[in-house]
Structure formats: C-alpha cells, structure tokens
Amino acid sequence: MSDTPNIVRTAYVELISTDLERAKWFWVDMLGFVLTAEDPDALYLRGYEEANHHSLVLRRGDAPAAACISFRVWAPEDLDVASAWYGERGCRVERRPAGATRGIGEAIRVEDPLGFTVEYFHATDRVERLLQRYDVHRGAGIARIDHFNICVDDPAAAHDFYGSLGFRCSETIEGNDRMYAAWMHRKPSVHDIALTGGASPRLHHVGWFAPEQHHITRLCDTFGAIGEQAHIERGPGRHGVSNAFYVYLRDHDGHRIEVYTSDYFTGDPDHETLRWDVNDVRRRDFWGAAVVPSWYAEATDVLDLDGKVVATRSVDESTSEARVGADGFR
Ligand code: XXG
Ligand code: FE2
C-alpha cells in the first residue's frame, strides 16, 4: 500500500448556481466575499484573509449541486501519492491540467468510496491578502474557508475512512453503541470535514470563518432590515460541538453556508476526542435551542466526474435509530 498524501486543509468548494447575479448579491454584497475573478459562467470568491485565488467557485448551471470539494496538499508530489492511494482503493481518478479550474494548478479529482467528488491540488495563484484592509471589509467580514460538512450514510465507516487518510477526530456524537456524527481535522482546528448521518452523498454545508461574533449578529440584522430574513435558517447560537458561535444561511439555490467563529486549537499530539452523548440537548446548540427540521433534512446534491448527479442512498427515517441519528426529530 502506498503512503497517504499530506493534506494541508480544506481549500475550496465548487457549487453550481442557477443565477449568478443573485449569487453575487448574496455572496458578495451581503456576506462580503471578495470577487477575485469573474468569467461569463463563473465567479471566483475568497475571504479577506485568503491569499489563495479562491475558496469558492460559483459555476452557472441548470440545477444546484456541488461539483467538488477540494483539499490543498503540502507538495506537488502529494498529487501522485493521492492518485495512487485512491487508485489502490478502486476509485476513479482524473488528472486535471493547471488552469482546468481558473487559479488552480495541476490537480486530481477522484470519485471517493463515500460517493463524493474530491479534488486535491498544490499550486494556486496567489492574490492580495486583504486582512487589514478594513476599509474594504463588508458584510460578515468573511475571513477564510473553515470546513465542509457532508452527509454520509454510515458516520462510523466514514470516520474510519477519513482516519485512514490522516485526519484526526476532534469530536463525535455517539450513543446506543453507534456514531451519529464526527468532526475530523488536518489543520489544528476542530474540523476540516464533518461527517453527518443522513441521505448520502450530499453536501450539507460549507463553513467560513468570521473574525468575531459581532460580524454574525450584524449580518443577521442586515438580512432582517431589508426583509431578507428567510435566508437565515438556523441560529445565531453557540454550538456545543466545536464551541463555535454560528449561523446557517441558505442562498437562492438552497446552498447552505455556515458563518462560524471561535472554535479552538486541536494540534497537540495527545489532544483527546470529545464525545457528546446523542441525548445531550446542548450538543448541537449549547443553549438548548431546537434545530430546525430543514437543517436535518435538506442538503445539496453532488456531481460525479462526468457532471451527473450522484443518486442518494436514503436513510429510513421511520426507524427509531434513524430518528435519533437525525437527532432533533425526536
Ligand atoms: O461546524 C459545526 C457543524 O458541523 O456545522 C455542526 C459545528 C457543530 C455542529 S453541531 O450543530 O452539530 O453542533
Ligand atoms: Fe459546520
């Protein structure tokens, strides 16, 4: 068996958007993403702290979907390592020349065993870091991409799979002798990827880091002031898992974004996994606020390497286990 690729962190997501004008209003005007570049069929966006070309691609298409989630690797050689690693597991692997995605160097995309299209790249165009250009900061002051949250039908198996790729586990939700969700990281934060039980494969949300809590409350105030409060799905609140202050929003296509701040350092070698009991009402919202049903039920379809929607395997919500798994339906 070959080595595992040295994965640095969550890097960007490519979402299919049905209306780029509306998307620009939501992501740039309201949330405050920086528009790095624009093609007739795509927007390339980043946060104020980011010097990589983008952390979000919005590509025009007929139906909302996620084309890929993308991780950055430490060195160019890691692309060959990743290619061999997935190849040995029987996964379809596609090589992409530099520029196949604007701003991204040579890359590979794979159809992974969980059903997701995952990209790895090393090289990316570097752009101006606007961290201290407070004069241009807008919206929620979006700083940088933080994590993906994906729906998987077997969180324990997905946890083991990401563990074999070198991810460490910061937190879980467990009970009744099973795992309901897991938070896994490469960078020393709570997560680069969260694995949530549910109909799969689907992208549940992408989390971007905001510098301070007030950015989140101000964003919600702004949505309310202009009568666009329907974009706010859940929160603001304090998570039990991760300790982060958060809000979840939906764009016009239903793509879910979490604006997230104040999680904690996980980089020590003996950092222990924090295991939440599925019956602890503080696990998802530390103040005990109920989680809205749409947050459990709805997510974004994912595309395979041919751009086709991957059929979802649904969980049986009628069984008590599935209901506890979607903890909140109870
Ligand atoms: O980032 C996260 C989440 O994955 O979005 C969800 C941190 C915590 C939670 S949860 O609602 O489960 O506390
Ligand atoms: Fe999240």
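Our structure is the block above this text.
1. A short note on the coordination of the iron ion (ligand 2)
Right, on to step 1. Binding of the iron ion (ligand 2) to the protein goes through His147 (NE2), His205 (NE2) and Glu258 (OE), at separations of 1.9 to 2.1 Å.
Right, on to step 2. As a motif over one chain, the donors of the iron ion (ligand 2) read H-x57-H-x52-E. In this pair, His205 is assigned in strand β13 (residues 202-209) and Glu258 in strand β16 (residues 256-261), connecting sequence segments 53 residues apart.
Right, on to step 3. Assessed through its relative accessible area of 1%, His205 is described here as buried.
Right, on to step 4. Relative accessible area serves as the criterion here: at 1%, Glu258 is assigned to the buried category.

2. Focus on the packing of helix α1 (residues 20-30) against helix α4 (residues 213-225)
In a pair of packed helices, the angle between the axes and the distance between the axes together describe the arrangement.
Right, on to step 1. One way to put it is that α1 packs onto α4 with a least axis distance of 12 Å and a crossing angle of 135°. In terms of orientation, α1 and α4 fall into the oblique class. Between α1 and α4, the contacting residues are Trp25, Phe26 and Met30 on the first element and Leu219, Thr222 and Phe223 on the second.
Right, on to step 2. Residues of the contact of α1 with α4, tallied by class, amount to five nonpolar, one polar and no charged.

3. Notes on empty space enclosed by the protein
Right, on to step 1. With the rule as written, the count across this model stands at three cavities of 30 Å³ or more.
Right, on to step 2. Residue lining of the largest cavity: 15 residues in total, with Trp183, His239, Val241, Tyr248 and Arg284 positioned closest to the centre.
Right, on to step 3. For the lining of the largest cavity, the secondary structure elements donating two or more residues are β9 (144-152) and β16.

4. With respect to the packing of aromatic side chains
Any pair of aromatic rings gets described here by the distance separating the centres and the angle formed by the planes.
Right, on to step 1. Evaluation of the coordinates by the stated rule reveals 21 aromatic pairs.
Right, on to step 2. When the centroid spacing of 5.0 Å and the interplanar angle of 75° are considered together, the rings of Trp85 and Tyr86 count as edge-to-face. By the burial criterion, Trp85 is buried, and Tyr86 matches it.
Right, on to step 3. Here Tyr86 and Tyr120 contribute two aromatic rings whose centre-to-centre distance is 5.8 Å and whose plane-to-plane angle is 40°, an arrangement assigned as tilted. Of this pair, Tyr86 sits in helix α2 (residues 78-88) while Tyr120 sits in strand β8 (residues 117-121), and the two are 34 residues apart along the sequence.
Right, on to step 4. The class of Tyr120 is buried, set by a relative accessible area of 0%.

5. Here's the deal with the pattern of salt bridges
Right, on to step 1. Under the defined criterion, the tally for this structure stands at 23 salt bridges.
Right, on to step 2. One salt bridge in this structure joins Lys187 and Asp192, with 3.4 Å as the shortest N-O distance.
Right, on to step 3. Take Lys187: its relative accessible area is 14%, and that puts it in the buried class.
Right, on to step 4. A relative accessible area of 0% means that Asp192 is categorised as buried.
Right, on to step 5. One salt bridge connects Arg250 with Glu298, and the closest N-O pair in it is separated by 3.1 Å. Placement of the pair is Arg250 in strand β15 (residues 245-250) and Glu298 in the loop between α5 (293-297) and β18 (300-301), with a sequence separation of 48 residues.

6. Digging into the site of ligand 1
Right, on to step 1. Taken together, 15 residues lie around ligand 1, and Asn149, His205, Tyr248, Glu258 and Arg284 are the ones closest in.
Right, on to step 2. At 3.1 Å from an oxygen atom of ligand 1 is found a side-chain nitrogen or oxygen belonging to His239.
Right, on to step 3. Between Arg284 and ligand 1, the recorded distance is 2.6 Å, taken from a side-chain N or O atom to an oxygen atom.
Right, on to step 4. Contact with the protein chains covers 100% of the free accessible surface of ligand 1, which is 330 Å².

7. Considerations on the sheet that holds strand β3 (residues 42-46)
Right, on to step 1. Taken together, eight strands build an open sheet; the order of strands is β2-β3-β4-β1-β5-β8-β7-β6 and the sheet is mixed. The strands lining the two open edges of the sheet, one partner per strand, are β2 (34-39) and β6 (93-96). Pairwise comparison of adjacent strand axes, ignoring direction, gives a mean angle of 20° for this sheet.
Right, on to step 2. The sheet contact formed by strand β1 (residues 7-17) and strand β4 (residues 56-60) spans five bridges and is parallel. Paired with Ser17 across the strands is Arg60, a residue of β4.
Right, on to step 3. Against the sheet, α1 touches β1, β2, β3 and β4, its axis set at about 160° to β4.
Right, on to step 4. Relative to β6, α2 is tilted by about 160°, and along the sheet it contacts β5 (65-73), β6, β7 (107-111) and β8.

8. What to know about the nonpolar core
Right, on to step 1. Ranked by internal contacts, the top residues of the largest apolar core, which has 62 residues, are Trp27, Leu31, Tyr120 and Tyr162.
Right, on to step 2. If one sorts the elements of this core by residue count, α1 sits on top with six residues.
Right, on to step 3. Composition of this core by domain shows at least three residues from each of domain 1 (7-121) and domain 2 (140-324).
Right, on to step 4. Excluding residues that lie within four positions of it along the chain, Tyr120 makes contacts with Ile7, Phe71, Val73, Leu79, Ala82, Tyr86, Glu106, Ala107, Ile108 and Leu165.
Right, on to step 5. Listed in part, the 12 residues of the second largest apolar core include Tyr180, Val190, Tyr260 and Trp276.

Reading the values: the criteria
Residues numbered from 1 in each chain as written. Chains lettered and ligands numbered in written order. Predicted model: local features only at pLDDT ≥ 70, side-chain atom pairs only at ≥ 80, totals over all residues. Heavy atoms only, no water. Donors = N, O, S within 2.8 Å, 3.2 Å for Na, K, Ca; no water. Helix = DSSP H or I, 4+ residues; strand = E, 2+ residues; numbered from the N terminus. Buried < 20%, exposed > 50% of the residue type's maximum accessible area, 1.4 Å probe, protein only. Axes fitted to C-alpha atoms, helices over the stretch in contact; angles between N-to-C directions. Parallel < 35°, antiparallel > 145°, perpendicular 65-115°, else oblique. Contact = heavy atoms within 4.5 Å. Nonpolar A, V, L, I, M, F, W, Y, C, P; charged D, E, K, R; others polar. 1 Å grid on protein atoms, 1.4 Å probe; cavity = no way out; pocket = protein on both sides within 12 Å on 5 of 7 lines; lining within 4 Å. Points joined across faces, edges and corners; volume = space filled by probe spheres on them. Phe/Tyr/Trp six-rings, centres within 6.5 Å; stacked < 30°, edge-to-face > 60°. Salt bridge = Lys/Arg side-chain N within 4 Å of Asp/Glu carboxyl O. Near = heavy atom within 4 Å. Polar contact = N/O pair within 3.5 Å; in protein donor to acceptor, adjacent residues only side chain to side chain. Areas by Shrake-Rupley, 256 points an atom, 1.4 Å probe, with all protein chains shown as cover. Pairing = 2+ DSSP bridges. Core = buried A, V, L, I, M, F, W, Y, C linked by side-chain atoms within 4.5 Å. Domains from an automatic or database assignment.

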